[in-house]
Amino acid sequence: MLSDEQYMEQALQQADLAAECGEVPVGAVLVLPDGQQFVAHNAPISTCDASAHAEMQVIRAACTAIGNYRLVGAQLFVTLEPCAMCAGAIIHARIKRVIYGASEPKTGAVESLYQLLSDKRLNHQAELTGGVLADACSTQIKAFFKSRRKK
């Protein structure tokens, strides 16, 4: 197994791919307990699908590959704090641990705005590690939006 930082580097590479496609640069890596890895990036614009966030894409790929909607013991690495939709999918998939880079004060639903993954009223709580390569993740997304505003 790689370190959290190494997996986050892979997620950053996926985010670069998203930016190249004109998508908001968010990337994700999902690692199953057996070491199987799945990678994805944001694709709502190119797929015309509001739910095609990096987290949703990688969760779908892993679930399809193993033939089960539950990803018990999985770890999800994502460059930006998950939104409410993605947090809901994380809960339903029973993902064990979520590791993210940059906080998202406007839509972050795991620590910033809401704390869905640690809410004891829900039927699953995930371990949470925020701030992994936060500077690189934050710089990447800020540069993308700065570039977009110039156009």
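All values derive from a computational prediction rather than experimental measurement.

Draft legend 1. Fine view of the side chain of R97. With respect to the helices and strands, R97 occurs in strand β4 (residues 97-102). A relative accessible area of 15% means that R97 is categorised as buried. Side chain to side chain, R97 and D4 meet in a polar contact 2.6 Å long. Beyond its immediate chain neighbours, meaning those up to four positions away, R97 contacts D4, A74, Q75, L76, E127 and T129.

Draft legend 2. View of the sheet that holds strand β2 (residues 37-41). Pairing within the open sheet is mixed, and its 5 strands lie in the order β2-β1-β3-β4-β5. Edge positions in the open sheet fall to β2 and β5 (127-129), since each of these has one partner strand only. With strand direction ignored, the average angle separating the axes of adjacent strands in the sheet is 15°. Judged from the 5 bridges that link them, strand β3 (residues 75-80) and β4 form a sheet pairing that is parallel. If you follow L76 over to β4, its bridge partner there is V98. Across the sheet, helix α5 (residues 134-150) touches β3 and β4, and the angle it forms with β4 is around 60°.

Draft legend 3. Structural view of the nonpolar core. Ranked by size, the top nonpolar core spans 43 residues in total, and within it L30, V58, I59, L71, I90, I95 and L117 carry the most contacts. Broken down by secondary-structure element, the contributors of at least two residues to this core are α1 (4-20), β1 (27-31), β2, α3 (54-66), β3, α4 (84-93), β4 and α5. In this structure L30 touches Q36, Q37, F38, V58, I59, A62, L71, A74, Q75, L76 and I95, once residues within four positions along its chain are discounted.

About the cut-offs
Residues numbered from 1 in each chain as written. Predicted model: local features only at pLDDT ≥ 70, side-chain atom pairs only at ≥ 80, totals over all residues. Heavy atoms only, no water. Helix = DSSP H or I, 4+ residues; strand = E, 2+ residues; numbered from the N terminus. Buried < 20%, exposed > 50% of the residue type's maximum accessible area, 1.4 Å probe, protein only. Polar contact = N/O pair within 3.5 Å; in protein donor to acceptor, adjacent residues only side chain to side chain. Contact = heavy atoms within 4.5 Å. Pairing = 2+ DSSP bridges. Axes fitted to C-alpha atoms, helices over the stretch in contact; angles between N-to-C directions. Core = buried A, V, L, I, M, F, W, Y, C linked by side-chain atoms within 4.5 Å.

Taken by themselves, the reported measurements are silent on function.
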